[in-house]
Amino acid sequence: MKFSSVIVLLAVAYAASAFSPAPHAHGRVATHLHMAEVTVSLIKELRETTGAGMMDCKKALLETDGDMETAMDNLRKAGLVKADKKAGRVAAEGKIVSASSGDKAVLVECNCETDFVAKDDSFLAFTNKVADAALGVDGDSIEALMSQKADGSTTLEEDRQALVAKIGENIQVRRMASRGGEGSTVGSYIHMGKIGVMVELEGGTPEVATDIAMHVAAMNPSYATEDDVPQEDIEKERAFLTSQVEDSGKPPDIVKKMVDGRLRKFLEENVLVSQTFVKTNDKTIAQLLKENGAKMKGFTRVAVGEGIEKKEDDFAAEVAKMAGGK
């Protein structure tokens, strides 16, 4: 048998064995009662979201009848979640662009199919034109944005269609966001064209807002201030933390103190103003704001391709393709 054929057979055998039902004790074979709900794609999604092992994900889904959220919670309680991938399956290419005028700033995400096109001069010129036009749009409507005539003759939608015809890839203006207004101070930061952040302050300076925007790009906080944290999120985290220590055998008052302490740590790690400023590492964002006579109003963080699922080749087919090229 040729070596390339062996590689293909091994790949197929591995993929099949990974998802075959495990035998019970006394030689009985597991039933398929749950497998109609727990598909390979569902296991793959849970694995990509949590970073846990494939078989751990399969077991967690089987135990919860395919309930993704409960399976994630169970993996987390078991200490099997390796990373919190809150962005989901990020796959689409493109660029985040920004523009500002006076006390207003905007971020726009423009998508394409490949990283090669994301660096193309024609694509970059189009994205900058879209961002400049976004300054004149009230609200965050993409439909309103694409109806703008940036050069006075053709709309941005017509320009987009022309660019698709020229480059040969699907190009989309996916979303836009704006911040600022009278009495606000706004700073923006774009990291490598892939992450865009706007920070809006009351008082302060654009330089301080920009420094905090760089921090947000790096640390990706979930909330601006504690007042922005939904009570539902706090109670859910409290319930999770309680489940971790309630079987410790400690008195209820000690358990409560432990949970309260861990909840404070959760807020410190996820609330922007409670985080340590990464640029100096000697003060919190709240202290930085106080030093500069500013208050936090909010922030917007956008990353290229958040939530867009990219089509992936079948593993066995990919191995066969590689083997065939030898």
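Description of the structure in this document. Quantities reported herein were computed from a predicted structural model and do not represent experimental measurements.

Concerning the sheet that holds strand 5 (residues 195-203)
- Here we have 3 strands laid out as an open sheet, ordered 4-5-6, and antiparallel in their pairing. In this open sheet, the two strands that pair with only one neighbour each are strand 4 (184-191) and strand 6 (294-303). The mean angle between the axes of side-by-side strands here comes to 15°, regardless of whether they run parallel or antiparallel.
- In this structure, strand 4 lies alongside strand 5, joined through 8 bridges in antiparallel fashion. Across the sheet, Ser188 pairs through a bridge with Met198, a residue of strand 5.

Some words on the nonpolar core
- Core analysis: the largest hydrophobic core is formed by 33 residues, its most contacted members being Val199, Leu201, Ile212, Leu289 and Met296.
- Looking at this core, the elements that each hand over two or more residues are strand 5, helix 9 (206-219), helix 10 (231-245), helix 11 (252-270), helix 12 (285-291) and strand 6.
- Counting 23 residues, the second largest nonpolar core, distinct from the first, contains Val97, Phe126, Val137 and Met146.

Topic: the packing of helix 6 (residues 121-134) against helix 8 (residues 156-167)
- Packing of helix 6 against helix 8 leaves a shortest axis separation of 11 Å and a crossing angle of 170°. By the angle between their axes, helix 6 is roughly antiparallel relative to helix 8. The segment helix 6 lies against helix 8, with Ser122, Phe123, Phe126, Lys129, Val130 and Ala133 engaging Leu156, Asp159, Arg160, Leu163, Lys166 and Ile167.

A closer look at helix 3 (residues 54-63)
- Considered for burial, the residues of helix 3 that qualify are Met54, Cys57, Lys58, Ala60 and Leu61. Buried residues of helix 3, seen end-on, are gathered within an arc of 165° and therefore sit on one face of the element. Those residues of helix 3 that are exposed and angled more than 90 degrees off the buried face are Lys59 and Glu63.
- Of the residues trailing helix 3, Asp65 is marked for its positive phi of about 55°.

Notes on the packing of helix 10 against helix 11
- In the contact formed by helix 10 and helix 11, the axes pass within 9 Å of each other and the chain directions differ by 130°. Taken together, the axes of helix 10 and helix 11 are oblique relative to one another. You can see that helix 10 and helix 11 cross each other, and the crossing is right-handed. Counting all contacts with helix 10, which are made through Ile234, Glu237, Arg238, Leu241, Thr242, Gln244 and Val245, the residues of helix 11 involved are Val255, Met258, Val259, Asp260, Arg262, Leu263 and Phe266.
- Grouping the amino acids of the contact of helix 10 with helix 11 by side-chain chemistry returns 8 nonpolar, 2 polar and 4 charged.

A few points about the environment of Glu246
- Within the secondary structure, Glu246 is located in the loop between helix 10 and helix 11.
- Among the residues examined, Glu246 registers a relative accessible area of 48% and is labelled partly exposed.

A few points about the pattern of salt bridges
- Counted according to the given criterion, the structure contains 16 salt bridges.
- Between Lys236 and Glu69 there is a salt bridge, and its shortest N-O distance comes to 2.8 Å. Of this pair, Lys236 sits in helix 10 while Glu69 sits in helix 4 (residues 68-77); the two residues are 167 residues apart in sequence, bridging distant segments of the chain.
- Here Glu69 falls in the partly exposed class, since its relative accessible area comes to 47%.
- When salt bridges with common partners are traced through the structure, they connect Glu93, Asp115, Lys119 and Lys194 into a single cluster.

Definitions and cut-offs
- Residues numbered from 1 in each chain as written.
- Predicted model: local features only at pLDDT ≥ 70, side-chain atom pairs only at ≥ 80, totals over all residues.
- Heavy atoms only, no water.
- Pairing = 2+ DSSP bridges.
- Helix = DSSP H or I, 4+ residues; strand = E, 2+ residues; numbered from the N terminus.
- Axes fitted to C-alpha atoms, helices over the stretch in contact; angles between N-to-C directions.
- Core = buried A, V, L, I, M, F, W, Y, C linked by side-chain atoms within 4.5 Å.
- Buried < 20%, exposed > 50% of the residue type's maximum accessible area, 1.4 Å probe, protein only.
- Parallel < 35°, antiparallel > 145°, perpendicular 65-115°, else oblique.
- Contact = heavy atoms within 4.5 Å.
- Arc of directions from axis to C-beta.
- Left-handed = near helix turned anticlockwise from the far one by under 90°.
- Nonpolar A, V, L, I, M, F, W, Y, C, P; charged D, E, K, R; others polar.
- Salt bridge = Lys/Arg side-chain N within 4 Å of Asp/Glu carboxyl O.

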